[in-house]
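# Results of the structural survey
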Amino acid sequence: MTPTVSIVVPTYNEAGNVARLYDDLAAALPALAWELVVVDDDSPDGTADAVRRVAALHGNVRCLQRVQERGLASAVHWGVQAAHGEIVVVMDGDGQHAPALIPAMVEALQKPGGEGGADIVSGSRFLSGGPVEGLESPRRLALSERGNQLVNLFLGRTLSDPLTGFFATSRRLFVASIPRLQADGFKVFFDLAWHNRGATIRELPFDFRKRQSGESKLGSYVLWLLACDIVAKLSRGLLPPRLVSFVGVGLIGSIFHFSVLYAALAAGAAFWVAQAVATIVALVFNFSINNVLTYSDQRLRGTLFWKGLLLYSLIASLGIVANVSTAQLAYVQLNGHAFLASTAGLVIDVIWRFVVSNRLVWGGRR
Ligand code: GDD
Ligand code: MN
């Protein structure tokens, strides 16, 4: 039987949650023809095997085990492309999203606009009025509020929960949007709303529960990623979010760069020496911060961190040669204008560094 509704669930290390998820769905959807499509990124805890065990018992479960791909957003896109139902529902696999909301979501999607129907229906964590259990810490709650303001401003809507991970729409609308959606990142609903600005969106309240087991993969770096994502969207796809983040980190690194540069010049160093020292200080800063912010999803730790720093330094040192010689050349041409000369060197450097290290230093699992 063709299902009406496909429940798409991205998972990473949710082995302990999937059997329960199926049971909760089955209990909440007795009257619907539904299927569960789990998209797992080859989780080390064996989530894919756990899903296949559930599938052995029930005919309406499939597992896409992705061995070479990573990331929440692209996992959701894959799941939607594999879905058989006319309606797709996207939700977390950790028990935080209440399946009891799904029938109301489906009903709203099937109604015409005038009668409270909508093109996209989302589950809002902030409409029910009660405390939001799933956002455990005050820090997490504050983070969420800040993010909401930023996103609403940008979307030109006033959604109570524009960053929710629980929503439903027609497969047709979602599939048509995929070519324009961001494969990196995790803000799938926001992305979908941004690319469908004419669509009607309806929010339904639900209680965001505590995770059943395992832990959240999101930290405070998400606000930074959100800001980078917005800049990327404003560039109309010209700049990918990662490049925006890389350049953003580089801009902060350049504050270090110029402080060291002018300090060294003031201490009487030759221009090329000052530029070289400033560039090395900025290099270590840039690597460490990019590792946490730009590449939070493939952060290098332990020995991999040091190997990465070494490789990054090698790549960067080639850039530095180009940087220092370009800067020196410009310095002579511009009659000793240190700021412009130094900037010219940096621009060459950043482009080289991003293109090569994006692939060689952090690109291992992509
Ligand atoms: N396939 C895949 N790949 N799944 C992933 C990945 C990944 O890289 N990262 C996370 N997931 C899965 C998790 O296993 C979970 O089922 C779901 O995506 C959401 O991840 P959580 O780690 O549970 O996120 P959260 O609960 O902290 O964040 C919630 O709020 C965010 C907005 O603040 C979620 O609802 C997010 O979807 C939402 O964007
Ligand atoms: Mn969650």
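Everything in this summary refers to the structure shown in the same document. (Residues numbered from 1 in each chain as written. Chains lettered and ligands numbered in written order. Predicted model: local features only at pLDDT ≥ 70, side-chain atom pairs only at ≥ 80, totals over all residues. Heavy atoms only, no water.)

### Let's talk about the packing of helix α10 (residues 271-292) against helix α11 (residues 303-333)
Under the convention used in this document: Angles here are taken between N-to-C directions and fall from 0 to 180 degrees, while the axes themselves are lines fitted to C-alpha atoms, restricted in helices to the stretch in contact. Counting from the N terminus, the helices are DSSP H or I runs at least four residues long and the strands are E runs at least two residues long. Working rule for handedness: look at the near helix, and if it is turned counterclockwise from the far one by less than a right angle, call the crossing left-handed; if clockwise, right-handed. Any two residues whose heavy atoms approach within 4.5 Å at even a single point are treated as in contact. Note on residue classes: Ala, Val, Leu, Ile, Met, Phe, Trp, Tyr, Cys and Pro are nonpolar, Asp, Glu, Lys and Arg are charged, and everything else, Gly too, is polar.
Between α10 and α11, whose axes approach to 9 Å, the crossing angle comes to 145 degrees. Like other packed secondary-structure pairs, α10 and α11 cross with a definite hand, here right-handed. Counted together, F271, W272, Q275, T279, L283, N286, F287, S288 and N291 of α10 and F305, G308, L309, Y312, S313, A316, I320, N323, V324, A327, Q328 and Y331 of α11 form the full contact between these two elements. Residue composition of the contact of α10 with α11, grouped by class: 12 nonpolar, nine polar and no charged.

### Considerations on the packing of aromatic side chains
Quick reminder of the rule: Each aromatic pair joins two rings of Phe, Tyr and Trp (for Trp, the six-membered one) with centres within 6.5 Å, and gets the label stacked for planes under 30 degrees apart, edge-to-face for over 60, and tilted for any other angle. Look at NZ for Lys and CZ for Arg. If either is within 6 Å of the ring centre and within 35 degrees of the ring normal, a charge sits over the ring.
In the structure shown here, the tally under the stated rule is 18 aromatic pairs. Within the aromatic cluster, the residues linked to one another by ring pairs are F287, Y295, F305, W306, Y312 and W362. Sitting above the plane of the W78 ring, R66 keeps its charged end 4.8 Å from the centroid. One residue, K233, lies across the ring of F190, its end atom 4.7 Å from the ring centre.

### Things to note about the coordination of the manganese ion (ligand 2)
Rule in force here: Each metal's donors are the N, O and S atoms found within 2.8 Å of it, except that Na, K and Ca use a 3.2 Å limit; water is left out, so coordination can look incomplete. Under the scheme applied here, a residue whose accessible area is under 20% of the maximum for its type counts as buried, over 50% as exposed, and between as partly exposed, the area being computed with a 1.4 Å probe on protein chains only.
Those donors, D92 (OD), D94 (OD) and Q96 (OE1), are the protein atoms that reach the manganese ion (ligand 2), and they lie 2.1 to 2.4 Å from it. Motif for the manganese ion (ligand 2), donor spacing along one chain: D-x1-D-x1-Q. What makes D92 partly exposed here is its relative accessible area of 22%. Residue classification places D94 among the buried residues on the basis of a relative accessible area of 2%.

### Concerning the pairing of strand β2 (residues 34-40)
Looking down a regular strand, the side chains alternate between one sheet face and the other. Selection criterion: At least two DSSP bridges between two strands are required for those strands to pair. Throughout, right-handed denotes a crossover for which the path from the first strand over the helix to the second runs clockwise when the strands point away from the viewer.
Here β2 lies mainly inside the structure; seven of its seven residues are buried. When strand β1 (residues 5-11) meets β2, the two strands line up parallel, connected through seven bridges. Within the sheet, the bridge partner assigned to P10 lies in β2 and is V39. In this fold, the crossover linking β1 to β2 by way of helix α1 (residues 18-28) has right-handed handedness. In terms of strand pairing, β2 meets strand β3 (residues 61-65) through five bridges, oriented parallel. If you follow V39 over to β3, its bridge partner there is L64. Crossover handedness for the path β2 to helix α2 (residues 47-57) to β3: right-handed.

### Topic: helix α5 (residues 138-155)
The line we're drawing: Here a helix's expected span is defined as the number of its residues, less one, multiplied by 1.5 Å. In this context, the arc is that of the directions from the helix axis out to the C-beta atoms.
Taking 1.5 Å of rise per residue, 18 residues should cover 26 Å, and α5 covers 25 Å from first to last C-alpha, within 8% of that figure. For α5, every residue scored as buried is listed here: L143, S144, G147, N148, V151, N152, F154 and L155. Considered in projection along α5, the buried side chains sweep an arc of 155 degrees and stay on one side of the axis. The exposed set on the far side of α5, more than 90 degrees from its buried face, consists of P138, R146, Q149 and L153. Next to the buried residues of α5 lie α7 (188-195) and α8 (221-234). Phi for G156, located one or two positions after α5, is positive at around 70 degrees.

### A word on the environment of P131
With respect to the helices and strands, the residue P131 is situated in the loop between β5 (120-124) and α5. Sequence separation between P131 and F208 is 77 residues; the distance between their C-alpha atoms is 9.0 Å.

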